[in-house]
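# Descriptive structure summary
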Amino acid sequence: MLKKRWAAAAAAAAGLVLLTACGSGGSSGGSGGAITLGFAQVGAESGWRTANTKSIQDSAKTAGIELKFSDAQQKQENQISAIRSYIQQKVKVIAFSPVVESGWETVLKEAKTANIPVILTDRAIDSPDKTLYKTFLGSDFIAEGKKAGQWLTKEFGSATGQVNIVELQGTTGSAPANDRKKGFADVISADPKYKIVASQTGEFTRAKGKEVMEAFLKSQPKIDVLYAHNDDMALGAIEAIEAAGKVPGKDIKIVSVDGVKDALQALADGKINHVVECNPLLGPQLMDLVKKVAAGESVPERIETQETEFDQASAKAALPQRQY
Ligand code: GYE
């Protein structure tokens, strides 16, 4: 019995060595063994991002894909170095969520020359050269901004005076910051009573959202609405509003984007008024795409995730099952 176990353990160990040798030795990275995926993540700036990272790590494991993961701490230069190192390591596929929209041509041309397919997840790039990547998997951020604007114009539809809005933008130059700003502006510009009186980046973080909201509260005599490009900034801003002796959700109405648990809880508690959902659970779809592009199969140019919106009642209903 013991002998048998030993033999099994030895065989397993030998198999492991063999697999590793295959995985790192093949010129196309992982040929013969598991597919190697190099994933260059934006950072760990928000609850959305934490859920996104976990989804990618868990689904790589389930799919039997060998994941090399890096965190760029919201810096483009770090992401570029990570992509270069994946090229050097000859991974089979590279996926990344570009921190900003522009400035990717050089490094993506290097990947193309090395014959390594690239998948964009979550955030897009502004390059007109569509041959630099195989597909984009993520959300329509303009639509999200529009939904936030539509909620606002409904909520304040009967208001007679000027509606003063402050905006906490996401990371400067990022696709979600650019597009959520645009979608929202497109909707509210139809009526001149809506006025964005202050707009600044809160870098998608709670700490910065709080800090910038503190400054808004000092410089703006009358704020009716806060539009935050993500939940974390809204949650930080709530602390600033309360510290200033005002009631979030009443004195200042709040709309934000993402739909993380803490924000749905704040919505259930009446501190946030509306949340537009952005789905971070991209892992399973990403792994399917990785397998397809690794096999040389063609994939759709753009795959958009399905999303909803939350008011107080639907937040309360969703909370018990919310994973993140
Ligand atoms: O909304 C925000 C995160 O790119 C969609 O990045 C993502 C955004 C998300 O930091 O919370």
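This is a predicted model, so every value here is computed, not measured. (Residues numbered from 1 in each chain as written. Predicted model: local features only at pLDDT ≥ 70, side-chain atom pairs only at ≥ 80, totals over all residues. Heavy atoms only, no water.)

### Quick look at the sheet that holds strand β11 (residues 302-304)
Here 6 strands make up an open sheet; going across it, the order is β2-β1-β3-β4-β5-β11 and the pairing parallel. With one partner strand each, in any of the chains shown, β2 (66-71) and β11 form the two edges of the open sheet. Strand-to-strand twist of the sheet, defined as the mean angle between neighbouring strand axes without regard to direction, takes the value 20 degrees. Contacts from helix α2 (residues 47-63) reach β1 (36-41), β2 and β4 (118-122) within the one sheet, and its direction differs from that of β2 by about 160 degrees. (Pairing = 2+ DSSP bridges. Helix = DSSP H or I, 4+ residues; strand = E, 2+ residues; numbered from the N terminus. Axes fitted to C-alpha atoms, helices over the stretch in contact; angles between N-to-C directions. Contact = heavy atoms within 4.5 Å.)

### Let's talk about the sheet that holds strand β12 (residues 309-310)
Judged by pairing direction, the sheet is mixed, and its 6 strands sit side by side in the order β7-β6-β8-β9-β10-β12 without closing on themselves. Single-partner strands in this sheet number two, and they are β7 (194-201) and β12. Inspection of the sheet shows strand β6 (residues 163-169) paired to strand β8 (residues 225-228) by 4 bridges, in the parallel sense. Across the sheet, the residue bridging to Ile-165 is Val-225, located in β8. Set on the sheet, helix α7 (residues 206-219) makes contact with β6, β7 and β8; between it and β6 the angle comes to about 150 degrees.

### Some words on the pairing of strand β9 (residues 253-258)
Extensive coverage of β9 is indicated by the burial of 5 of its 6 residues. Summarising the sheet, β8 and β9 pair through 4 bridges and their orientation is parallel. Opposite Ala-228, over in β9, you have Ser-256 as the bridge partner. In this view, the connection linking β8 to its parallel neighbour β9 by way of helix α8 (residues 231-243) has right-handed handedness. Looking at chain direction, β9 and strand β10 (residues 274-277) are connected through 4 bridges and run parallel. Note on β10: the bridge partner recorded for Val-255 is His-274. In this region the chain leaves β9, passes through helix α9 (residues 261-268) and returns to the parallel neighbour β10; the handedness of that crossover is right-handed. (Buried < 20%, exposed > 50% of the residue type's maximum accessible area, 1.4 Å probe, protein only. Right-handed = clockwise from strand over helix to strand, strands pointing away.)

### Focus on the site of the ligand
Glu-45, Asp-122, Arg-123, Asn-230 and Asp-258 are the nearest of the 13 residues found near the ligand. Ser-46 places a side-chain nitrogen or oxygen 3.1 Å from an oxygen atom of the ligand. Take Arg-49: an N or O atom from its side chain is 3.0 Å from an oxygen atom of the ligand. Relative to its free-state accessible area of 300 Å², the ligand is covered by the protein chains to the extent of 100%. At the level of secondary structure, the elements contributing two or more residues to the shell around the ligand comprise α2 and α6 (175-188). Classifying every residue of the shell around the ligand gives 5 nonpolar, 2 polar and 6 charged. There are two domains that each give the shell around the ligand at least three residues, and those are domain 1 (29-139 + 280-306) and domain 2 (141-278). (Near = heavy atom within 4 Å. Polar contact = N/O pair within 3.5 Å; in protein donor to acceptor, adjacent residues only side chain to side chain. Areas by Shrake-Rupley, 256 points an atom, 1.4 Å probe, with all protein chains shown as cover. Nonpolar A, V, L, I, M, F, W, Y, C, P; charged D, E, K, R; others polar. Domains from an automatic or database assignment.)

### Remarks on the domain arrangement of the protein chain
You can read the domains of the protein chain as domain 1 (29-139 + 280-306) and domain 2 (141-278). Spacing between the C-alpha centres of domain 1 and domain 2 amounts to 30 Å. The interface of domain 1 with domain 2 comprises 14 residues on the first partner and 18 residues on the second. The contact between domain 1 and domain 2 buries some 1200 Å² in all, and 52% of this surface belongs to carbon and sulfur atoms. Here domain 1 is connected to domain 2 by 0 salt bridges. Connecting domain 1 to domain 2 are 7 residue pairs in polar contact (both at pLDDT 80 or more). Of the residues assigned to the side of domain 1 that touches domain 2, the class counts are 5 nonpolar, 5 polar and 4 charged. (Buried area = accessible area lost by both parts, 1.4 Å probe. Salt bridge = Lys/Arg side-chain N within 4 Å of Asp/Glu carboxyl O.)

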